[in-house]
Amino acid sequence: MSDRKIPLAGVIGCPVAHSRSPQIQNHWLKTYEIAGYYVPMHVEPQDLETVIRSLPKAGFVGANVTIPHKEAVMQIADKVTDRATLMGAANTLIFREDGSVLADNTDGYGFITNLHQGAPDWKPNGGPALVLGAGGACRAVIASLVEAGVPEIMLSNRTRERADQLRKEFGKRIQVIDWVKAGNAVEDASLVVNATSLGMEGKRPLRVPMDGLQTSCVVTDLVYTPLKTDLIQAGEDAGCTVVDGLGMLLHQAVPGFERWFGQRPKVDEATRAAALA
Ligand code: ATR
């Protein structure tokens, strides 16, 4: 009998049943014929540290982290990447051979890679971006747009203080716009991003007027339930290139899989189908 260890990974959340990460990761394990397992783990906040410290001893090579643990894991990890520090949250843990825990954030990578894949003609320096929202997901969007070289980011959020805070952190390329005036900024935008939870199934609709959309604008939504949000529909109606939010979820999963299982997976139609199954 072989004593080779079978690598284990999983997603830690509370709740965790909604997570599509197991479908995505297990699809790749099967596709690349890797002997490994990826499981959902429901962990209460008070047990988070104990669980994370135990997992490497049980054969785990890493884990994804989702709501509500993305900030708390930063305190538990032995090392945090600069990207995760910048975003104030981590979504990917790597357990190293010596048992230490590295926390990383791949949401920004997922966002920008999805955008480039879905809108190959989009040029980061081609004009201003309009970003709606200022929550956790929005930080990843802004960090990756700044890094990509977008010259100006018009940022609008219902609670203006949260947008002002992001401007303080990310600098003068961010221009904060009142939530009620966000619709006026649409016509100047080369990229419109919804990083709020508006438009998600069970949530309120996104009511920012999109009449000003230019055909040359790229429209993307972080919401992927439904896949075709009202914003994506408005973008299609205006003749824009549209990029749905499922791709961000798929691409953010790539670096973790590669680190844990030693193979860089491809995001393709079969991956999308697996995530939607
Ligand atoms: P996430 O980590 O997914 O970004 P979050 O930090 O709770 O989640 O942020 C949710 C975003 O959706 C915020 O920008 C929030 O605006 P506020 O900062 O004003 O709360 C936005 N959002 C949620 N419900 C909203 C609503 N009814 N109207 C406008 N914006 C809303």
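Residues numbered from 1 in each chain as written. Predicted model: local features only at pLDDT ≥ 70, side-chain atom pairs only at ≥ 80, totals over all residues. Heavy atoms only, no water.

Looking now at the packing of aromatic side chains. What the rule picks out here adds up to 5 aromatic pairs. A centroid spacing of 5.5 Å and a plane angle of 70° characterise the contact between Trp-28 and Phe-257, whose relative ring orientation is edge-to-face. With Trp-28 in helix α1 (residues 21–31) and Phe-257 in helix α10 (residues 254–261), the pair connects residues that are 229 residues apart, well separated along the chain. Accessibility classification places Trp-28 together with Phe-257 in one group, the buried group. Through a chain of ring-to-ring contacts, three or more aromatic side chains come together here, namely Trp-28, Tyr-32, Tyr-38, Phe-257, Trp-260 and Phe-261. (Phe/Tyr/Trp six-rings, centres within 6.5 Å; stacked < 30°, edge-to-face > 60°. Helix = DSSP H or I, 4+ residues; strand = E, 2+ residues; numbered from the N terminus. Buried < 20%, exposed > 50% of the residue type's maximum accessible area, 1.4 Å probe, protein only.)

Moving on to the nonpolar core. Among the nonpolar cores identified, the biggest contains 31 residues, and Phe-111, Trp-122, Ile-142 and Leu-145 are the most heavily contacted of them. Elements that contribute at least two residues to this core include exactly α5 (107–118), β7 (129–132), α6 (136–148), β8 (153–156), α7 (160–170), β9 (174–177) and β10 (191–194). Sorting elements by how many residues they give to this core places α6 first, with 7 residues. Contacts of Leu-145, omitting those with residues within four sequence positions, involve Phe-111, Ile-112, Trp-122, Ala-129, Val-131, Val-150, Ile-153 and Leu-191. (Core = buried A, V, L, I, M, F, W, Y, C linked by side-chain atoms within 4.5 Å. Contact = heavy atoms within 4.5 Å.)

The next subject is the site of the ligand. Taken together, 14 residues surround the ligand, and among them Ala-134, Asn-157, Arg-158, Thr-159 and Arg-162 come closest. Contact distances for the ligand include 3.1 Å between an oxygen atom and a backbone N or O atom of Ala-137. About the coverage of the ligand: the protein hides 70% of its 630 Å² of free accessible area. A breakdown of the residues in the shell around the ligand according to their chemical character gives 4 nonpolar, 7 polar and 3 charged. (Near = heavy atom within 4 Å. Polar contact = N/O pair within 3.5 Å; in protein donor to acceptor, adjacent residues only side chain to side chain. Areas by Shrake-Rupley, 256 points an atom, 1.4 Å probe, with all protein chains shown as cover. Nonpolar A, V, L, I, M, F, W, Y, C, P; charged D, E, K, R; others polar.)

Moving on, we get to the sheet that holds β8. Pairing in this open sheet of 6 strands is parallel, and the strands run β9-β8-β7-β10-β11-β12 from one edge to the other. A strand with exactly one partner marks an edge of an open sheet, and here the two such strands are β9 and β12 (241–243). Adjacent strand axes in the sheet meet at a mean angle of 20° when their direction is disregarded. Contacting β10, β11 (218–221) and β12, helix α8 (residues 230–237) runs over the sheet at an angle of about 165° to β11. (Pairing = 2+ DSSP bridges. Axes fitted to C-alpha atoms, helices over the stretch in contact; angles between N-to-C directions.)

On to the domain arrangement of the chain, then. Annotation of the chain at the domain level lists domain 1 (8–105 + 252–276) and domain 2 (108–244). The C-alpha-based centres of domain 1 and domain 2 are spaced at 27 Å. Listed per partner, the contact involves 12 residues of domain 1 and 12 residues of domain 2. Carbon and sulfur atoms supply 56% of the area buried between domain 1 and domain 2, which totals about 920 Å² over both sides. Looking only at domain 1, the three residues that lose the most surface to domain 2 are Leu-86, Met-87 and Arg-272, adding up to 45% of its buried area. One can count 1 salt bridge joining domain 1 with domain 2. In this structure, Asp-244 and Arg-272 form a salt bridge, with 2.8 Å as the shortest nitrogen-oxygen distance. Scanning the region where domain 1 abuts domain 2 turns up 2 residue pairs in polar contact (both at pLDDT 80 or more). (Domains from an automatic or database assignment. Buried area = accessible area lost by both parts, 1.4 Å probe. Salt bridge = Lys/Arg side-chain N within 4 Å of Asp/Glu carboxyl O.)

Bringing the sheet that holds strand β3 (residues 60–65) into the picture now. Spatial strand order, β2-β1-β3-β5-β6-β4: 6 strands in an open sheet with mixed pairing. Lying at the two open borders of the sheet, with one neighbouring strand each, are β2 (37–42) and β4 (79–80). Pairing of strand β1 (residues 8–13) with β3 involves 5 bridges; the strand directions are parallel. Residue Gly-10 lies in a different strand from β3, and its bridge partner there is Ala-63. Together, β1, β2 and β3 form the strand contacts of α1, whose direction differs from that of β2 by roughly 165°. This element, α10, spans β1, β2, β3, β5 (92–95) and β6 (101–104) of the sheet and lies at about 10° to β5.

With the rule as written, the count across this model stands at 9 salt bridges. The residue Arg-139 makes a salt bridge to Glu-169 at a minimum N-O spacing of 2.8 Å. Here Glu-169 lies in helix α7 and Arg-139 lies in helix α6, a separation of 30 residues in the sequence. What makes Arg-139 buried here is its relative accessible area of 18%. Residue Glu-169 is classed as partly exposed on the basis of its relative accessible area, which comes to 39%. A salt bridge links Lys-228 to Glu-236, with the shortest nitrogen-to-oxygen separation between them at 3.0 Å. The partly exposed category is assigned to Lys-228, whose relative accessible area is 44%. Note on Glu-236: relative accessible area 36%, which makes it partly exposed. What emerges from the salt-bridge pattern is a single network uniting Arg-160, Asp-164 and Asp-178.

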